[in-house]
Amino acid sequence: MSMELILFYVLGGGALAFAAAMLLPNVGRNPIHSALSLVGTLFCLAGLYALLSAHLLSALQIIVYAGAVMVLFTFVIMLLNLQPDEIQPVRLTTLKVAAGIIGLFVFGKLITAITLAAGGAQSVDLTPHSAAIGGATWEGGFNGYGTIREVGRMLYTTFLVPFELVSVLLLVAAVGAVVLAKRSLHYIDAPTPPPAKLNRLANKPEAAATHDDHGHH
Amino acid sequence: MLHDLVLTAPLLILLFAALFTLVVDAFLPSSANRSFWGYFGAAASAASVLAAAGLWKFGGALEMHTTAFSHQLSMGPYSLFFIALTGICAMVTHLSSPKYMSEHGSGWGEYYALLHFAAFGMGAMVAAESLLTLFVGLEIMSMAIYVLVAIKRTSQASVEAGMKYFIMGSVASAFLLYGMAFLYGLSGSTGYLEISLALAKPGVNTLWLALAVLLTSAAFLFKVAAVPFHMWTPDAYEGAPTPITGLMSSAVKAAGFAALLKFLYACLGGPAMSSLHAQVPALFATIAVVTMTVGNLLALTQKSAKRTLAYSSIAHAGYLLLGCVAFVADPNLPGYQQPTGAVPFYLVGYAFASLAGFSALTVLGKGGEERTDEEQIIGLGRNYPFAGAVLALAMISLAGVPPTLGFFGKLQLARDVLGVEGGKYLPYIIILVLNSVVSAYYYLRITVWVYMRPEPKQTPEYIRETSLQWAMGIAAVGILLVGILPQRALQLGARGVASIRTPAALQSLRYELAKPGAQPVAQPVAQPVAQPLAKAAEAPAPVEAKPAAEN
């Protein structure tokens, strides 16, 4: 049994165990415990990515998901401060059953596809020097595949435009969020004052509004 | 590199206009009047349109090939046509905004910057040659439009509309991504051309392909407000500021259809979908007739003109979807004709008519109020003759009364679709004709409100502003000009459609459809197509598999 296989079983089993712990009723009653189990799952997945030579993806998984996204989850959970008795028990609706059936169908199809792709081979060698998956040769193979260097090269050559466009998208989202959430509601040569019931939305009185143009710094 | 920048100039102008607006606006005193950004925005949009026209006219003479940045964007006639169209829509929206937006307390500099961003996103999604660029472009446009819909923050209707649009649009984006993932899984690539070639090989799983087509089409159908996905339309159109409603029903719709057609034609069309050729045209035709019928019937029952036009935009999405049938038809059947410029032409007509209609309704937004019911419109023809005339012209054009643009557009659509499968879709065209007869009722009802009702006792106040009058004027001239000279616009549209980079069009160049049995990923599909720049270093050329030491 190679080291890789042992690691695979440890990480895969860990991911499944944490995922189960996230949903189990006695753990899941406290949302923070569920969130922590999710962090465990994400870490195990990051390890699996590293085993698949996707080094960058593995690092991003930890930085973005286990780091940023989970902090946000925890923040929201603590903000809501749900008490155990407020959490409704899970009820099965037709929609949920249908979603489950479709999920199982896709899962089954994925298993079939993976089995087919493996070509019935006894084991699939995924070490970097191998370029063969299920009989299909991939020119270029795993030469540097998944490393930061290789991903960076792709991002700045072939996929330069989508990459740069994503930065425009983030800018648009940031500008939009600021406009909708932080812009003070003073009126630019408005003939009528704002409706009274909405005055509470304005975060400053009229006199101070001129200095509040770009939100709080 | 310079070549890429020159080719994408129409888009870069919009991007830099947006950044300029954002940065300069931050340094203006907050009490300053922001109306000049409307004129600046119109000028920048006009510059973008001119750049697109210049590329169209001189790009060929300079022997420029049409794709930029490693085939992520194509700036051929098709993209330029729609970039110019959305640019004109953005220009009219900029001009109709200043007074209305400041009366409604939202005339911030960011508003104009977001308009530029929206136009930029539309250009990117129309020019996209790969799924990634398409998706990111679509999201840039959508994000900007979500915010613009909700920008009247003191109006509950506006915020609610923005929220609805945002949530449902996000679900549609998820559909699109899911479908794209299936396409990538089936083809191993994100480029339209590569996908098309990979799907043309035998042995593609029909089930997954059908799922991919359904999921991606659903997302586009949401964007263009076709029937199973039209629920957001009336609320979003009514709640949004009227200039933005005009932009949504003209530019967003045009960009959505342009991207959908290109995607269907270049990525899934031709041999790629050969296993689905029996079903997909019928599916589109069915959705089309249901959409137009539902849109028209619901429009009949509306009281507000803005809401009526929202349902009318659903109906027009139906007419246009029928035109899409020609793009997904089986090219192997006898009597197959290439699709002509009918859909782009119809989009031009519809864009001008709805811009004229909504910019005329903008005059009713005086004093932060927003009501476009019968009482407000009555007397418009007498008290504000110009706005009344533009509104009436827009309604006549939308109704498709013969000498106008709407009539020629429907005629061309019908002609295009009749050619598919030996007139199989004749019943659908008859439904289209019946629908346009029904729609004449509610369009002409608005015209009657404008001119033929006794005037109320007190005259309502209107927004009277030079730039808004320019906006109405440009839209009205657009209707008349294209109505008088339809052939020219039709030719431009046809040239655009003919320039879409389909495998059939490119077969003679460098690509060849793979022989059966060839390995999917081993094909040199990542090579440049037409007139390649010597960019071997940039192309992800297949590297020999060598025993790698790095780990």
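Residues numbered from 1 in each chain as written. Chains lettered and ligands numbered in written order. Predicted model: local features only at pLDDT ≥ 70, side-chain atom pairs only at ≥ 80, totals over all residues. Heavy atoms only, no water.

Draft legend 1. A look at the overall build of chain B. Summing up its helical and strand segments, chain B has 23 helices and 2 strands in all. Across the 551 residues that make up chain B, the buried fraction comes to 62%. Long-range pairs, those at least 24 residues apart, make up 82% of the contacts in chain B between residues at least 6 apart in sequence. As displayed, chain B offers around 19500 Å² of accessible surface, 68% of which is attributable to carbon and sulfur atoms. (Helix = DSSP H or I, 4+ residues; strand = E, 2+ residues; numbered from the N terminus. Buried < 20%, exposed > 50% of the residue type's maximum accessible area, 1.4 Å probe, protein only. Contact = heavy atoms within 4.5 Å. Areas by Shrake-Rupley, 256 points an atom, 1.4 Å probe, with all protein chains shown as cover.)

Draft legend 2. Region of interest: the side chain of B:Arg34. Considering the arrangement of structural elements, one finds B:Arg34 in the loop between α2 (9-27) and α3 (36-58). At 2.7 Å, the side chain of B:Arg34 forms a polar contact with the side chain of B:Asp25. (Polar contact = N/O pair within 3.5 Å; in protein donor to acceptor, adjacent residues only side chain to side chain.)

Draft legend 3. The packing of aromatic side chains, seen in detail. Residue and element names in this part refer to chain B. In this structure the tally under the stated criterion is 25 aromatic pairs over all chains. When the ring of Tyr384 is compared with that of Tyr462, the centres are 5.9 Å apart and the planes differ by 50 degrees; the resulting orientation is tilted. Taken as a pair, Tyr384 in the loop between α17 (380-383) and α18 (385-399) and Tyr462 in the loop between α20 (426-451) and α21 (466-484) lie far apart in primary sequence, 78 residues in all. For the pair shown, Tyr384 and Tyr462 are each scored as buried. Here the aromatic residues Tyr146, Tyr165, Phe166, Phe222, Trp232 and Tyr237 are joined through ring pairs into a cluster of three or more. We note Arg464 situated over the ring of Tyr384; from NZ or CZ to the ring centre the distance is 4.5 Å. (Phe/Tyr/Trp six-rings, centres within 6.5 Å; stacked < 30°, edge-to-face > 60°. Lys NZ or Arg CZ within 6 Å of the ring centre and 35° of its normal.)

Draft legend 4. Layout of the nonpolar core. Residues and elements named next belong to chain B. Core analysis: the largest hydrophobic core is formed by 196 residues, its most contacted members being Tyr165, Leu183, Met248 and Leu321. The element contributing the most residues to this core is helix α12 (residues 242-268), with 18 residues. Not counting residues within four places of it along the chain, the set of residues in contact with Leu321 comprises Leu221, Ala226, Phe257, Leu260, Phe284, Ile287, Ala288 and Thr291. (Core = buried A, V, L, I, M, F, W, Y, C linked by side-chain atoms within 4.5 Å.)

Draft legend 5. Highlighting helix α3 (residues 31-51) of chain A. With 21 residues, α3(A) extends 31 Å between its outermost C-alpha atoms, agreeing within 8% with the 30 Å of an ideal straight helix rising 1.5 Å per residue. Once α3(A) ends, the next one or two residues include A:Ser53, with phi positive near 70 degrees. (Expected span 1.5 Å × (residues − 1).)

Draft legend 6. Focus on the packing of helix α15 (residues 342-362) of chain B against helix α22 (residues 486-498) of chain B. Residue and element names in this part refer to chain B. Where α15 contacts α22, the axes come no closer than 7 Å and their chain directions differ by 130 degrees. With respect to α22, the element α15 is oriented oblique. The handedness of the crossing between α15 and α22 is right-handed. Counting all contacts with α15, which are made through Ala342, Pro344 and Phe345, the residues of α22 involved are Pro486, Ala489, Leu490, Gly493 and Val497. Class assignment for the residues of the contact of α15 with α22 results in 7 nonpolar, 1 polar and no charged. (Axes fitted to C-alpha atoms, helices over the stretch in contact; angles between N-to-C directions. Parallel < 35°, antiparallel > 145°, perpendicular 65-115°, else oblique. Left-handed = near helix turned anticlockwise from the far one by under 90°. Nonpolar A, V, L, I, M, F, W, Y, C, P; charged D, E, K, R; others polar.)

Draft legend 7. Quick look at empty space enclosed by the protein. Residues and elements named next belong to chain B. Going through the model one piece at a time under the given rule, you end up with 6 cavities of 30 Å³ or more. For the second largest cavity, the calculated volume is near 50 Å³. Together, His316, Tyr346, Gly349, Tyr350, Ala353, Ser397, Leu398, Leu405, Gly406 and Gly409 line the second largest cavity. At the level of elements, α15, α18 and α19 (405-418) are the ones that each hand at least two residues to the lining of the second largest cavity. No other element matches α15, which puts 4 residues into the lining of the second largest cavity. Of the residues in the lining of the second largest cavity, the class split is 5 nonpolar, 5 polar and no charged. (1 Å grid on protein atoms, 1.4 Å probe; cavity = no way out; pocket = protein on both sides within 12 Å on 5 of 7 lines; lining within 4 Å. Points joined across faces, edges and corners; volume = space filled by probe spheres on them.)

Draft legend 8. How the structure looks around helix α1 (residues 3-23) of chain A. Between the first and last C-alpha of α1(A) there are 30 Å, a value that for 21 residues agrees with the 30 Å anticipated at 1.5 Å per step. The complete set of buried residues in α1(A) reads A:Leu11, A:Gly12, A:Gly14, A:Ala15 and A:Ala21.

Draft legend 9. The arrangement of unusual backbone geometry in detail. All names here are of chain B. With a phi angle near 65 degrees, Ala225 is a residue other than glycine that sits in the positive phi range. Residue placement: Ala225 occurs in the loop between α10 (206-223) and α11 (232-239). We classify Ala225 as buried; its relative accessible area is 0%.

Draft legend 10. The arrangement of the packing of helix α14 (residues 305-328) of chain B against α19(B) in detail. All names here are of chain B. Relative orientation of the contacting elements α14 and α19 amounts to 35 degrees, with a least axis distance of 8 Å. Viewed along their axes, α14 and α19 form a crossing whose handedness is left-handed. Note on element contacts: α19 touches α14 through Lys410, Leu413, Asp416 and Val417, opposite His316, Tyr319, Leu320, Leu322, Gly323 and Ala326. Across the contact of α14 with α19, the residue classes break down as 6 nonpolar, 2 polar and 2 charged.

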